[in-house]
Every structure is written in structure tokens, then in C-alpha cells.
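Residues per chain are reported as follows:
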Amino acid sequence: MISAGTKSQVLWGDGNWIFLDIGFSSARPTCGFAFGDEDPSCLSFGATKTQVIERIRGCSDQVNLVIEAPLSVCFDAVGNPKGRRIERQERQVRYWYFGVGCMVMTAALYVLRGIHDAQLNPDLHLFEGFVSFKQAKGASDHLWDVQAMRDIVRNSQARQDSIFSPSDLRIDAHDLLQSAFRVSGMDLGVPAVIMGKQKAQ
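Residues numbered from 1 in each chain as written. Predicted model: local features only at pLDDT ≥ 70, side-chain atom pairs only at ≥ 80, totals over all residues. Heavy atoms only, no water.

Time to look at the packing of helix H1 (residues 45-57) against helix H2 (residues 99-118). Interaxial distance between H1 and H2 falls to 10 Å at its minimum, and their mutual angle equals 35 degrees. Viewed along their axes, H1 and H2 form a crossing whose handedness is right-handed. Within the contact between the two elements, H1 uses Phe45, Lys49, Val52, Ile53, Ile56 and Arg57 and H2 uses Ala107, Tyr110, Val111, Gly114, Ile115 and Ala118. Residues of the contact of H1 with H2, tallied by class, amount to nine nonpolar, one polar and two charged. (Axes fitted to C-alpha atoms, helices over the stretch in contact; angles between N-to-C directions. Helix = DSSP H or I, 4+ residues; strand = E, 2+ residues; numbered from the N terminus. Left-handed = near helix turned anticlockwise from the far one by under 90°. Contact = heavy atoms within 4.5 Å. Nonpolar A, V, L, I, M, F, W, Y, C, P; charged D, E, K, R; others polar.)

As C-alpha cells, then:
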């Protein structure tokens, strides 16, 4: 069963951790992938989806999956898409409904649908990763991003300010926050967000 992970469940050593900086391209490897303490690798989308499912299948206990993509969405009181608090930093915004956000959300949907349809045994806690607001423009470093998210989980007790509960995501109290995949028939809840340190470029 896939369910939204909570802030209190971000604990290194509690189950198996998978970190995924997801991309959606047929031209080159655009996904960063790391399982537990293993060195991260850069894979194509298809290889990443297969790898995630096989790793979960090989686990006998709980799995924690962190995907660097919007896993929850927000709407205002009249139903218009609205940014979440974590998507604003000073004058910069990276709202979930902007171009790249929609692309990686779609990629995450196909990975999660594959996991769901595979009917795997271990319970899976889902977490959103957020590594954005790079200091300079440039190509994303997928290996860096998965390591950044893993570092937060490894040091979660000291990095509580980098982990956000659903209540931290609303800008206004009346905002409607829900699973990004509810529209597809998979209401996975609103997971905690792990904000990795951005790489200066």
C-alpha cells in the first residue's frame, strides 16, 4: 500500500530509502537514483521505473520513496491553481503548475502507477523531495540532487527546518491542498516535503 509519509517518519534506518530525482526524456538519462547508502546513478526514465519497482519487490519491510517532483497540489477558494509556500523564495517562484513542475509530476505519476499496478508487498511511504532555486542557471545535477535529499534524511533530527508537514505548505488557511494524483484515481494523500540543499553553480 502506498501512503503519504509524515514528518515524524523521516528517520534514517527506518525501513529502506529510495531517492529519485525524476526526469522525463527519451534522449538521454535524466533521472538520478539512489537506494540506501549506495552510490547514486543516472538512468533513463524507463530504466528508473524498472529499477524502483524491482528494488521495492526485493524488500521485505517498509520502503520510503522520495521523489523530487510535486506530489501535492494547491487551489484557491474559487478553484484556481495556487502555489505552495515552499515554492516561493524571495522574488523567485517554482510553482507546481509551471512547465517543469507539470512535466516531472507526470513522470512521477507513471512511476507510482507502475508501483501500484505491480501489487508489491512492502508498505510504501511516499515523500516529496524539493531541490530548487539554484544559485545560477544551468543543467540540473541529478546525482547531486539525490544526495542532497539523502543528506537531509540521514541528519533529520538536526535538519527539522528542512522537512515540511502538509500544514506548512498552505499560504492561506482556506487553500485546498490535495494529492497530485487524486485526479487519476490514486489519492495518495499529501506527503511531507524534504527540501534538499541547493548546489551553487
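Moving on from the model shown.
Over its 20 residues, H2 extends 29 Å from the first C-alpha to the last, a length consistent with the 28 Å expected when each residue adds 1.5 Å. Within the sequence span of H2, burial applies to Gly101, Val104, Met105, Ala107, Ala108, Val111, Leu112, Gly114 and Ile115. For H2, the secondary structure elements touched by its buried residues are strand E1 (2-4), H1, strand E5 (63-68), strand E6 (72-75) and strand E9 (124-130). Trailing H2 by a residue or two, Gln119 shows a phi angle of about 50 degrees, which is positive. (Expected span 1.5 Å × (residues − 1). Buried < 20%, exposed > 50% of the residue type's maximum accessible area, 1.4 Å probe, protein only.)

Below, the discussion takes up the environment of Arg57. Locating Arg57 in the fold gives a position in helix H1. Excluding anything up to four places from it in sequence, Arg57 contacts Ala118 and Leu120.

Attention shifts here to the packing of aromatic side chains. Enumeration according to the criterion identifies 10 aromatic pairs in this entry. Measuring from centroid to centroid gives 5.2 Å for Trp96 and Tyr97, while their planes differ by 80 degrees, and the two rings are edge-to-face. What makes Trp96 buried here is its relative accessible area of 8%. Ring pairing ties together the aromatic residues Phe75, Tyr95, Trp96, Tyr97 and Phe98, which thus form one cluster. Sitting over the ring of Phe35, Arg55 keeps its end group 4.7 Å from the ring centre. (Phe/Tyr/Trp six-rings, centres within 6.5 Å; stacked < 30°, edge-to-face > 60°. Lys NZ or Arg CZ within 6 Å of the ring centre and 35° of its normal.)

The next thing to look at is a nonpolar patch on the surface. On the surface, a nonpolar cluster with roughly 380 Å² of combined accessible area is contributed by Phe24, Val100, Met103 and Tyr110. Among the structural elements, Met103 can be located in helix H2. Judged by relative accessible area, which is 36%, Met103 ranks as partly exposed. (Patch = residues over 30% accessible without salt bridge, like charges linked within 9 Å, V, L, I, M, F, W, Y side chains within 5 Å. Areas by Shrake-Rupley, 256 points an atom, 1.4 Å probe, with all protein chains shown as cover. Salt bridge = Lys/Arg side-chain N within 4 Å of Asp/Glu carboxyl O.)

Looking now at the nonpolar core. Of all hydrophobic cores here, the largest spans 43 residues; its most connected members are Ile22, Ile67, Leu112, Ile115, Leu126 and Phe181. Counting only elements with at least two residues in this core, the list comes to strand E2 (16-21), strand E3 (31-35), H1, E5, E6, H2, E9 and strand E12 (193-195). For this core, the element with the most residues is H2, which contributes seven residues. Val10, Trp17, Ile163 and Ala192 belong to the second largest nonpolar core, which has 14 residues in total. (Core = buried A, V, L, I, M, F, W, Y, C linked by side-chain atoms within 4.5 Å.)

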